[in-house]
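# Fold and geometry: a report
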Amino acid sequence: MDVVFAANAIFIISITILLSNVVASNASNSSREYKALMDFGWPYINSTAHHCSWKGITCDDQGRVTELSLQTHVGCNTQPRWHDFDPLSFTSLTSIHLSSCGLYGVIPPHIGYLSNLSYLNLSHNLLSSELPPSLVNLTNLNVLDISDNNYIYGVIPPNIGSLSKLVYLNLSHNQLKTTMPLSLPNLTNLEVLDISFNSFFGVIPSGIWYLRRLIVLDLSFNNINGSLPPAMTQLTRLKILKLDNNSVEGVFEAGIHMLPCIKTIGLSRNSIQGRIPPRLGDVPNAKFLSIDFSWNHLFGEVPESVSRLDGIDLSYNSLEGKISYSVWRKFPRESFIGNPKLLLPKGYNATVEAVYYVVFVLFIFCVIHLIFSKKGKKEVPSVTPDLKHGDIFKMWNFDGNIAYQDITEATQDFDFKYCIGTGGYGSVYRAKLPTGKVVAVKKLHRFEGDNPVFDSCFRNEAMVLSQIRHRHIVKLFGFCLHKQSMFLIYDYMERGSLFRVLMDEDEAVELNWKKRVNVVKDVANALSYMHHDCSPPILHRDISSSNILLDSEFEGCLSDFGTARLLDPDSSNQTLLVGTRGYIAPELAFTMAVTEKCDVYSFGVVALEIMFGDHPGDFISSINTMVARSTQFAENMMVQQLLDKRLASPDDDVRMSMEVVGVVKTALKCVCCDPKSRPSMKEVAQQLGARPPQLAMSFRSISVLHLLHSD
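All figures in this text were calculated on a predicted structure; none of them were measured in a lab. (Residues numbered from 1 in each chain as written. Predicted model: local features only at pLDDT ≥ 70, side-chain atom pairs only at ≥ 80, totals over all residues. Heavy atoms only, no water.)

What follows is about the side chain of Ser 680. Within the secondary structure, Ser 680 sits in the loop between helix 15 (654–670) and helix 16 (681–689). Ser 680 has contacts with His 532, Lys 597 and Val 600, leaving out every residue within four places of it along the chain. (Helix = DSSP H or I, 4+ residues; strand = E, 2+ residues; numbered from the N terminus. Contact = heavy atoms within 4.5 Å.)

By size, the foremost hydrophobic cluster in this structure holds 88 residues, and its most contacted members are Trp 42, Leu 120 and Phe 293. Listed by contribution, the elements that provide at least two residues to this core are helix 1 (2–40), strand 2 (65–69), helix 2 (251–254) and helix 3 (325–330). When near neighbours in sequence (up to four residues on either side) are disregarded, Trp 42 contacts Leu 37, Trp 54, Lys 55, Gly 56, Ile 57, Leu 68, Ser 69, Leu 70 and Leu 98. The next biggest cluster of nonpolar side chains, apart from the first, holds 85 residues, and it includes Trp 513, Val 600, Ile 610 and Leu 647. (Core = buried A, V, L, I, M, F, W, Y, C linked by side-chain atoms within 4.5 Å. Buried < 20%, exposed > 50% of the residue type's maximum accessible area, 1.4 Å probe, protein only.)

Right, let's talk about a positive patch on the surface for a bit. On the surface, Arg 213, Arg 237, Lys 239 and Lys 263 cluster together into a positively charged patch. Within the secondary structure layout, Arg 213 lies in the loop between strand 12 (201–202) and strand 13 (216–218). (Patch = residues over 30% accessible without salt bridge, like charges linked within 9 Å, V, L, I, M, F, W, Y side chains within 5 Å. Areas by Shrake-Rupley, 256 points an atom, 1.4 Å probe, with all protein chains shown as cover. Salt bridge = Lys/Arg side-chain N within 4 Å of Asp/Glu carboxyl O. Lys, Arg positive; Asp, Glu negative; His and termini not counted. Charge placed at Lys NZ, Arg CZ, Asp CG, Glu CD.)

The next subject is helix 15. Side chains that are three or four residues apart share a direction in an α-helix, a result of its 3.6 residues per turn. Across its 17 residues, helix 15 extends 25 Å between first and last C-alpha, which sits within 8% of the 24 Å expected from 1.5 Å per residue. Summarising burial for helix 15: 13 of the 17 residues are buried, a large majority. Where helix 15 starts, the residue carrying a side-chain oxygen 3.1 Å from the main-chain nitrogen of Arg 655 turns out to be Asp 653. (Expected span 1.5 Å × (residues − 1). Polar contact = N/O pair within 3.5 Å; in protein donor to acceptor, adjacent residues only side chain to side chain.)

A separate point is the pattern of salt bridges. One pass over the structure, following the stated rule, counts 16 salt bridges. Across the salt bridge formed by Arg 64 and Glu 33, the nearest N and O atoms sit 3.1 Å from each other. Pair noted here: Arg 64 is in the loop between strand 1 (57–59) and strand 2 and Glu 33 is in helix 1, with a separation of 31 residues, a long-range link. Of the two residues, Arg 64 and Glu 33, neither departs from the other in class, the shared state being buried. We note a salt bridge from Asp 491 to Lys 437, for which the minimum N-O separation is 3.5 Å. Within this pair, whereas Asp 491 is found in strand 30 (residues 485–491), its partner Lys 437 is found in the loop between strand 27 (427–432) and strand 28 (438–443), the two being separated by 54 residues in sequence. Residue Asp 491 is classed as partly exposed on the basis of its relative accessible area of 21%. Overall, the relative accessible area of 29% leaves Lys 437 in the partly exposed class. Sharing partners across several salt bridges, the network here consists of Arg 279, Asp 282, Glu 304 and Arg 308.

Spatial ordering of the open sheet is given by 18-20-22-23, a layout of four strands whose pairing is parallel. Looking at which strands have only one partner, the edges of the open sheet turn out to be strand 18 (273–275) and strand 23 (341–343). Across the sheet, the mean angle separating the axes of adjacent strands is 25° when strand polarity is ignored. Sheet topology places strand 20 (residues 297–300) next to strand 22 (residues 318–322); two bridges connect them, and they run parallel. Within the sheet, the bridge partner assigned to Gly 300 lies in strand 22 and is Leu 319. (Pairing = 2+ DSSP bridges. Axes fitted to C-alpha atoms, helices over the stretch in contact; angles between N-to-C directions.)

This next bit is on the confidence of the model for the chain. Put simply, the chain has an average pLDDT of 80, and 79% of its residues get 70 or more. This stretch, residues 7–25, has a pLDDT under 50; its non-local contacts, to residues over four places away or in other chains, come to zero contacts. (pLDDT = per-residue confidence, 0-100.)

This part takes up the packing of aromatic side chains. When we look at a pair of aromatic rings, we describe it by the centre distance and by the angle of the planes. Tallied over the full model, the rule gives eight aromatic pairs. Between Phe 252 and Phe 293, the aromatic rings sit 5.4 Å apart at their centres with planes inclined by 55°, giving tilted as the arrangement. Remark: Phe 293 occurs in the loop between strand 19 (290–292) and strand 20 and Phe 252 occurs in helix 2; sequence separation between them is 41 residues. The exposure classification of Phe 252 matches that of Phe 293, with both residues buried. The side chain of Arg 269 reaches across the aromatic face of Trp 295, ending 4.3 Å from its centre. (Phe/Tyr/Trp six-rings, centres within 6.5 Å; stacked < 30°, edge-to-face > 60°. Lys NZ or Arg CZ within 6 Å of the ring centre and 35° of its normal.)

Along any regular strand the residues' side chains alternate between the sheet's two faces. Strand direction decides the pairing type here: strand 22 and strand 23, joined by three bridges, are parallel. Across the sheet, Lys 322 pairs through a bridge with Leu 343, a residue of strand 23. Each parallel crossover has a hand, and for strand 22 linked through helix 3 to strand 23 it is right-handed. (Right-handed = clockwise from strand over helix to strand, strands pointing away.)

Under the counting rule described, the total for this entry stands at one disulfide. Across the disulfide, Cys 52 is cross-linked to Cys 59 (sulfur-sulfur distance 2.0 Å). Between Cys 52 and Cys 59, the S-S torsion sits near -90°, and that sign places the bridge as left-handed. Not part of a disulfide, Cys 670 finds its nearest cysteine sulfur in Cys 672, a span of 9.9 Å. Judged by relative accessible area, which is 0%, Cys 670 ranks as buried. (Disulfide = S-S within 2.5 Å.)

All right, on to the environment of Leu 550 then. Residue position: Leu 550 is located in strand 33 (residues 548–550). Among the residues examined, Leu 550 registers a relative accessible area of 0% and is labelled buried. When the C-alpha atoms of Leu 550 and His 472 are compared, they prove to be 9.7 Å apart, with 78 residues separating the residues in sequence. Contact partners of Leu 550, with chain neighbours within four places excluded, come to Met 493, Glu 494, Arg 495, Gly 496, Leu 498, Val 501, Val 519, Glu 555 and Gly 556.

Before going further, it helps to examine the packing of helix 15 against helix 16. At a minimum axis distance of 10 Å, the contact between helix 15 and helix 16 shows a crossing angle of 165°. Classified by the angle their axes make, helix 15 and helix 16 are roughly antiparallel. As helix 15 runs across helix 16, the sense of the crossing is right-handed. Between helix 15 and helix 16, the residues in contact are Gly 662, Val 663, Thr 666, Lys 669 and Cys 670 and Val 684, Gln 687 and Leu 688, respectively. (Parallel < 35°, antiparallel > 145°, perpendicular 65-115°, else oblique. Left-handed = near helix turned anticlockwise from the far one by under 90°.)

This part covers the sheet that holds strand 16 (residues 247–249). Ordered in space as 12-14-16, the three strands form an open sheet in which the pairing is parallel. Edge positions in the sheet fall to strand 12 and strand 16, since each has one partner strand and no second.

Encoded structure:
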């Protein structure tokens, strides 16, 4: 009896000791997690509550952290220090979602110790790091996304194929430079593979056909070469294949257009040669399939079968012969530009188009005559024919006369060494005239002049700039519109485009807060003039940082009026979608009705870009789609956190802080998704020109939400 009692006592004591150890262990682990979160800089620390109750943190029943989430809709009011993250303190983690929250530093080399991790998303941050080899130890991962960071370099770990449970892999937009790992085909559960915008080289491994679950394969903007492996026809679930900007060839032999589910094939700017297969469009999925073959080396005729495709781009190849009427009618003209030997289909009446251009040129003459007749003292410029070089139209300028010979001699007949840039069409040259005046000359290339679209844009720019005059709109001195030589002569802007200045580290610093605010005001005043002081109003339709030029003192001028148009109050103003991606008003995607509010939206994007030092990107969509559902996002996103870090914070200068806040506040109104809620450019110019109101709080305390809801 005593023996039994003693045994029971020993058992109870053992259990008590074991439970005590477990409790002590949990308490110890909890303490380590708490300290690790503090070191990491978690934005939602509440010292009076257990860390499992903090926003963005999920724990299991034992009080161990299982999920960390700082997604865009949660937001951050500080920048977490990823290099201070201690993986060894979070051994129960299954999910890390730290996207778009200003994360900086390096990826911890011991991240592979998180053996239970199934989800890892560090995208859209400021990380500068190699991919640690220990990543291959995360064998339970389903999602791995480290895309769009500041500088991710090095190679993909060779044994990445050991992550056999991966469904989604995104390593796009960083600086990885390597061949595609041979172990990649081992990821047989992969549905999305995106390694675009890197420096991968070599050929696509023939074993890629093992990835039979792939739905999206994006290898664009790399240095991949060689032929596509025929085994790619085994990817029967593939819907999107993007190989743009590589050096691949042999695509027709691979038969990728015959894949049963394929909808998008991007092959622009590659090394594809040969003829288009006659039966390219005779595939089961043709009515859903769009193919981009632009900027390649295709030759021969365009087969009639391509008319059965949903879309095709054959521009800038060496195609020839007549286009069938069914193909010409199905696709826009832009699909065929840059193929000078292609002929219009029989029965196509080009007479109407020819008449249009004659009327267009006559209209330009009338406009010029009207402008000079209003000048009073100035005579209407004469038109001096030059049988050798073409017609030169002498317009108002600094010395009353710009001769064709001056331009050709100053550029040595447009020698490439005088070229200072290229745009959407044409090249720009720097020319120093005999008077000492330096001008910029935009010349349309011969093959572009043969294209109706570029020809129309060029003439449109001459027409629009002939009608308007404003300090902050690039000055047009003259132009030549002859089929043998077409060019426009502008005032020379020493600093080049705003986009280029913001990309240059030294010039971006020289473009201080005062100068940046002034550039925003310059553009606002130019647009206000176009929208409200011109009759009828003129819409620019392509406002971007690339189309704003800066002089030696960083004063801004609006340029590139090739797609500008007069606003007709008596029409629906329906239009083709034009503009630069990332600056186009969202309503144009579905209404196609252009209004002055489209320019207002683009201006707002540029204003934010000037303040942030980079394109605002997802910030705008986040504001428009998530603020209504989660005000915490905007409340905890500080204005100071968004500003260009290359400049010192303006908070030491009260006046400048007020100016910067005023610009951001006005820009936020301009990028509102509802066009009716956006201010007019006249209101914008007035707001920016007025003395900014006193700040109701310290500069560092001003949040996005405060600006969105303040008067």
